[in-house]
Amino acid sequence: MLPGVFRKVAFALVAGLSLTAVPAAAQFTDGYNFLQAVKDRNGTKAIELLSEPGSTLIVTRDQTTGETALHITVRRRDETWTKFLLDRGANPNLADKKGVTPLALAASLGFVEGVELLVKNGARVDVPNSAGETPLISAVHRRDMAMIRLLLKNGANADRTDNSGRSARDYAKLMGAASGVLDEIARIEAERKTAPAADAYGPDI
(Lines give C-alpha, C1' and ligand atoms only; values in the text may rest on other atoms or scores of the structure.)
Protein backbone atom coordinates (compact mmCIF):
# COMPACT_ATOMS: atom_id res chain seq x y z
CA MET A 1 0.00 0.00 0.00
CA LEU A 2 2.75 2.42 0.87
CA PRO A 3 4.28 2.55 -2.63
CA GLY A 4 0.84 3.37 -4.02
CA VAL A 5 0.37 6.15 -1.47
CA PHE A 6 3.77 7.57 -2.31
CA ARG A 7 2.88 7.58 -5.99
CA LYS A 8 -0.34 9.49 -5.28
CA VAL A 9 1.52 12.04 -3.13
CA ALA A 10 4.17 12.48 -5.80
CA PHE A 11 1.50 12.96 -8.45
CA ALA A 12 -0.26 15.57 -6.30
CA LEU A 13 2.98 17.47 -5.81
CA VAL A 14 3.72 17.49 -9.53
CA ALA A 15 0.18 18.62 -10.27
CA GLY A 16 0.52 21.37 -7.69
CA LEU A 17 3.73 22.60 -9.28
CA SER A 18 2.05 22.63 -12.66
CA LEU A 19 -0.78 24.77 -11.32
CA THR A 20 1.63 27.30 -9.86
CA ALA A 21 3.04 27.77 -13.33
CA VAL A 22 -0.37 28.67 -14.79
CA PRO A 23 -0.51 32.28 -13.58
CA ALA A 24 2.87 33.01 -15.19
CA ALA A 25 1.72 31.52 -18.47
CA ALA A 26 -1.66 33.21 -18.22
CA GLN A 27 -0.09 36.62 -18.30
CA PHE A 28 0.86 36.07 -21.94
CA THR A 29 -2.38 37.65 -23.08
CA ASP A 30 -2.76 39.72 -26.23
CA GLY A 31 -2.09 42.85 -24.16
CA TYR A 32 1.12 41.42 -22.75
CA ASN A 33 2.17 40.21 -26.21
CA PHE A 34 1.47 43.64 -27.72
CA LEU A 35 3.61 45.48 -25.18
CA GLN A 36 6.33 42.89 -25.65
CA ALA A 37 6.20 43.37 -29.42
CA VAL A 38 6.66 47.10 -28.92
CA LYS A 39 9.60 46.49 -26.58
CA ASP A 40 11.15 44.13 -29.13
CA ARG A 41 10.43 46.51 -32.04
CA ASN A 42 8.52 43.66 -33.66
CA GLY A 43 6.36 45.59 -36.12
CA THR A 44 4.92 42.51 -37.76
CA LYS A 45 3.60 41.15 -34.46
CA ALA A 46 2.34 44.52 -33.29
CA ILE A 47 0.39 45.11 -36.51
CA GLU A 48 -1.00 41.57 -36.39
CA LEU A 49 -2.35 42.10 -32.87
CA LEU A 50 -3.70 45.58 -33.59
CA SER A 51 -5.45 44.32 -36.72
CA GLU A 52 -7.73 41.95 -34.81
CA PRO A 53 -11.39 43.06 -35.09
CA GLY A 54 -12.44 45.29 -32.20
CA SER A 55 -8.92 45.43 -30.81
CA THR A 56 -8.26 48.00 -28.05
CA LEU A 57 -4.70 46.86 -27.50
CA ILE A 58 -3.34 50.25 -28.50
CA VAL A 59 -4.27 51.54 -25.01
CA THR A 60 -2.98 48.49 -23.14
CA ARG A 61 -1.27 49.27 -19.82
CA ASP A 62 1.41 47.33 -18.00
CA GLN A 63 -0.35 45.91 -14.93
CA THR A 64 2.60 46.68 -12.66
CA THR A 65 3.59 50.19 -13.75
CA GLY A 66 0.55 51.43 -15.60
CA GLU A 67 2.75 52.32 -18.55
CA THR A 68 1.41 52.24 -22.09
CA ALA A 69 3.20 51.39 -25.31
CA LEU A 70 3.85 55.11 -25.77
CA HIS A 71 5.79 55.20 -22.52
CA ILE A 72 7.96 52.39 -23.85
CA THR A 73 8.76 54.10 -27.16
CA VAL A 74 9.24 57.54 -25.63
CA ARG A 75 11.64 56.20 -23.00
CA ARG A 76 13.93 54.88 -25.73
CA ARG A 77 13.50 58.17 -27.65
CA ASP A 78 12.09 56.25 -30.59
CA GLU A 79 10.42 58.74 -32.94
CA THR A 80 9.45 56.13 -35.54
CA TRP A 81 7.62 53.82 -33.15
CA THR A 82 6.02 56.74 -31.29
CA LYS A 83 4.56 57.99 -34.57
CA PHE A 84 3.50 54.43 -35.47
CA LEU A 85 1.48 54.16 -32.26
CA LEU A 86 -0.03 57.64 -32.48
CA ASP A 87 -1.09 57.03 -36.08
CA ARG A 88 -3.00 53.98 -34.83
CA GLY A 89 -4.87 55.83 -32.12
CA ALA A 90 -2.65 55.62 -29.05
CA ASN A 91 -3.87 57.99 -26.34
CA PRO A 92 -1.04 60.42 -25.48
CA ASN A 93 -2.71 61.52 -22.25
CA LEU A 94 -2.76 58.19 -20.40
CA ALA A 95 -0.51 58.45 -17.34
CA ASP A 96 1.29 55.65 -15.55
CA LYS A 97 0.77 54.86 -11.86
CA LYS A 98 3.01 57.79 -10.88
CA GLY A 99 0.95 60.21 -12.92
CA VAL A 100 3.60 60.51 -15.64
CA THR A 101 2.24 60.95 -19.16
CA PRO A 102 4.26 60.13 -22.29
CA LEU A 103 4.73 63.87 -22.87
CA ALA A 104 6.02 64.42 -19.34
CA LEU A 105 8.42 61.53 -19.84
CA ALA A 106 9.59 62.93 -23.19
CA ALA A 107 10.10 66.35 -21.64
CA SER A 108 12.16 64.92 -18.79
CA LEU A 109 14.38 63.18 -21.34
CA GLY A 110 14.82 66.25 -23.50
CA PHE A 111 13.15 64.34 -26.33
CA VAL A 112 12.04 67.36 -28.36
CA GLU A 113 10.84 65.38 -31.39
CA GLY A 114 8.76 63.20 -29.11
CA VAL A 115 7.09 66.17 -27.44
CA GLU A 116 6.33 67.71 -30.84
CA LEU A 117 4.73 64.47 -32.05
CA LEU A 118 2.68 64.06 -28.90
CA VAL A 119 1.43 67.65 -28.89
CA LYS A 120 0.40 67.41 -32.54
CA ASN A 121 -1.64 64.36 -31.58
CA GLY A 122 -3.50 66.02 -28.74
CA ALA A 123 -1.20 65.60 -25.73
CA ARG A 124 -1.89 68.09 -22.95
CA VAL A 125 1.23 70.02 -21.98
CA ASP A 126 0.41 70.84 -18.36
CA VAL A 127 -0.56 67.46 -16.87
CA PRO A 128 1.26 67.16 -13.51
CA ASN A 129 2.72 63.97 -12.06
CA SER A 130 1.92 62.70 -8.56
CA ALA A 131 4.24 65.37 -7.10
CA GLY A 132 2.37 68.08 -8.99
CA GLU A 133 5.36 68.68 -11.25
CA THR A 134 4.44 69.75 -14.77
CA PRO A 135 6.64 69.08 -17.81
CA LEU A 136 7.58 72.78 -17.80
CA ILE A 137 8.71 72.67 -14.17
CA SER A 138 10.79 69.62 -15.01
CA ALA A 139 12.39 71.45 -17.95
CA VAL A 140 13.13 74.49 -15.78
CA HIS A 141 14.81 72.32 -13.14
CA ARG A 142 17.11 70.98 -15.86
CA ARG A 143 17.55 74.39 -17.48
CA ASP A 144 16.56 72.78 -20.75
CA MET A 145 15.98 75.94 -22.79
CA ALA A 146 14.89 74.13 -25.97
CA MET A 147 12.23 72.21 -24.05
CA ILE A 148 11.14 75.29 -22.12
CA ARG A 149 10.60 77.16 -25.41
CA LEU A 150 8.72 74.26 -26.98
CA LEU A 151 6.37 73.78 -24.04
CA LEU A 152 5.66 77.49 -23.62
CA LYS A 153 4.99 77.93 -27.35
CA ASN A 154 2.41 75.17 -27.05
CA GLY A 155 0.54 76.70 -24.16
CA ALA A 156 2.36 75.55 -21.02
CA ASN A 157 1.41 77.61 -17.97
CA ALA A 158 4.48 79.01 -16.18
CA ASP A 159 2.37 79.81 -13.12
CA ARG A 160 0.91 76.37 -12.48
CA THR A 161 2.23 75.17 -9.13
CA ASP A 162 3.46 71.79 -7.92
CA ASN A 163 2.62 70.20 -4.57
CA SER A 164 5.11 72.49 -2.82
CA GLY A 165 3.28 75.55 -4.10
CA ARG A 166 6.02 76.65 -6.50
CA SER A 167 5.61 77.22 -10.22
CA ALA A 168 8.03 77.06 -13.12
CA ARG A 169 8.33 80.84 -12.87
CA ASP A 170 9.09 80.60 -9.15
CA TYR A 171 11.87 78.06 -9.75
CA ALA A 172 13.28 80.25 -12.53
CA LYS A 173 13.40 83.20 -10.09
CA LEU A 174 15.24 81.07 -7.53
CA MET A 175 17.89 80.30 -10.15
CA GLY A 176 18.67 83.99 -10.51
CA ALA A 177 18.93 86.25 -13.52
CA ALA A 178 22.25 84.74 -14.60
CA SER A 179 20.54 81.48 -15.59
CA GLY A 180 18.52 83.28 -18.26
CA VAL A 181 15.54 81.00 -17.65
CA LEU A 182 13.22 83.68 -16.26
CA ASP A 183 13.99 86.02 -19.15
CA GLU A 184 13.34 83.21 -21.62
CA ILE A 185 9.95 82.49 -20.06
CA ALA A 186 9.01 86.18 -20.30
CA ARG A 187 10.22 86.39 -23.91
CA ILE A 188 8.28 83.33 -25.10
CA GLU A 189 5.15 84.42 -23.25
CA ALA A 190 5.34 87.82 -24.95
CA GLU A 191 5.74 86.14 -28.34
CA ARG A 192 2.81 83.85 -27.63
CA LYS A 193 0.55 86.79 -26.83
CA THR A 194 1.31 88.53 -30.11
CA ALA A 195 1.36 85.43 -32.34
CA PRO A 196 -1.71 84.75 -34.53
CA ALA A 197 -3.97 82.08 -33.04
CA ALA A 198 -3.47 79.91 -36.12
CA ASP A 199 0.24 79.63 -35.38
CA ALA A 200 -0.37 77.73 -32.17
CA TYR A 201 -1.32 74.08 -31.98
CA GLY A 202 -2.26 71.82 -29.13
CA PRO A 203 -4.49 72.59 -26.14
CA ASP A 204 -3.86 75.77 -24.17
CA ILE A 205 -4.29 74.77 -20.53
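If you're wondering where the values come from, they're calculated on a predicted model, not measured in any experiment.

Participant: Before we go on, may I ask you to explain unusual backbone geometry in this structure?
Facilitator: Glycine aside, the phi torsion of most residues is negative, and most peptide linkages are trans. For R77, which is not glycine, the phi dihedral falls at a positive 55°. The topology assignment puts R77 in the loop between helix 4 (69-75) and helix 5 (79-87). Here the phi dihedral of R143 falls at roughly 55°; this positive angle occurs in a residue that is not glycine. Looking at where R143 falls in the secondary structure, it is placed in the loop between helix 8 (135-141) and helix 9 (145-153).

Participant: Is there a simple way to explain helix 5 in this structure?
Facilitator: Residues separated by three or four positions in an α-helix point in the same direction, a consequence of the helix having 3.6 residues per turn. Among the residues of helix 5, W81, T82, F84, L85 and L86 are the ones counted as buried. The elements touched by buried residues of helix 5 are helix 2 (30-39), helix 3 (43-50), helix 4 and helix 7 (112-120). In this structure D78 caps helix 5, since a side-chain oxygen of it lies 3.3 Å from the backbone nitrogen of T80.

Participant: I keep staring at the UniProt feature "repeat: ANK" (unreviewed entry) in the chain and nothing clicks. Help me out?
Facilitator: The feature "repeat: ANK" (unreviewed entry), as given by UniProt, occupies residues 65-97, 98-130 and 131-163 in the numbering adopted here. Secondary structure content for residues 98-130 is 48% helix and 0% strand, while the C-alpha to C-alpha distance between its ends is 6 Å. What you have in residues 131-163 is 48% helix and 0% strand, and the ends, taken at the C-alpha atoms, are 6 Å apart.

Participant: How do you make sense of the side chain of D162 when you look at a structure like this?
Facilitator: Looking at where D162 falls in the secondary structure, it is placed in the loop between helix 9 and helix 10 (168-175). Of the side chains with opposite charge, R166 comes closest to the buried, unpaired D162, at an N-O distance of 6.6 Å. At 2.6 Å, the side chain of D162 and the side chain of Y171 are in polar contact. In contact with D162, other than residues within four places in its own chain, are A131, G132, E133, I137 and Y171.

Criteria and thresholds
Residues numbered from 1 in each chain as written. Predicted model: local features only at pLDDT ≥ 70, side-chain atom pairs only at ≥ 80, totals over all residues. Heavy atoms only, no water. Helix = DSSP H or I, 4+ residues; strand = E, 2+ residues; numbered from the N terminus. Buried < 20%, exposed > 50% of the residue type's maximum accessible area, 1.4 Å probe, protein only. Contact = heavy atoms within 4.5 Å. Polar contact = N/O pair within 3.5 Å; in protein donor to acceptor, adjacent residues only side chain to side chain. UniProt positions renumbered as here; feature names shortened; annotations may be inferred. Lys, Arg positive; Asp, Glu negative; His and termini not counted. Salt bridge = Lys/Arg side-chain N within 4 Å of Asp/Glu carboxyl O.

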